[in-house]
Amino acid sequence: MRSGSPCFSADVRWGTPHLELVSIVAGAALVVLLIGASRVCLGVHYTTDVVAGFSAGVMWLAASVAGVGTYWRQEMPRVTGTRPVRTPPPAPRDPGV
């Protein structure tokens, strides 16, 4: 989660160019894999524990990205003014006027 969130923010919020985004994601993934490998090499965790942690992290990141993406699609147009806010229909006119 700590490595995935900045990658998501770099893509969505700042509009990072593709090559830079790939570099950010690759760097974050490399750090995560190296930390997991070091935990196994030091004998602190079994390999299955590290793989389970990776799986849980990926699922949490996917749920977070989906939730934030849904929120941004619903809320951001109102904040930025890119889409008109729905207004109630006008009141009916008096036919006698």
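Note that the coordinates shown come from a computational prediction; the quantities given were computed from them, not determined experimentally.

What counts, and at which threshold
Residues numbered from 1 in each chain as written. Predicted model: local features only at pLDDT ≥ 70, side-chain atom pairs only at ≥ 80, totals over all residues. Heavy atoms only, no water. Helix = DSSP H or I, 4+ residues; strand = E, 2+ residues; numbered from the N terminus. Contact = heavy atoms within 4.5 Å. Expected span 1.5 Å × (residues − 1). Buried < 20%, exposed > 50% of the residue type's maximum accessible area, 1.4 Å probe, protein only.

1. Quick word on the overall build of the protein
Moving on, step 1. Secondary structure assignment for the protein yields three helices and zero strands.
Moving on, step 2. Sequence-ordered secondary structure for the protein, helices as α and strands as β, is α-α-α.
Moving on, step 3. Pairs at least 24 apart in sequence give 37% of the contacts found in the protein among residues at least 6 apart.

2. Examining helix α2 (residues 18-41)
Moving on, step 1. Helix length check: α2 (24 residues) gives 34 Å between terminal C-alpha atoms against 34 Å at 1.5 Å per residue, within 8%.
Moving on, step 2. Along α2, the positions that sit buried rather than exposed are L21, A28 and G36.
Moving on, step 3. Two residues or fewer after α2 comes G43, characterised by a positive phi angle close to 75°.

Without other data, these values stay purely geometric and don't point to any function.
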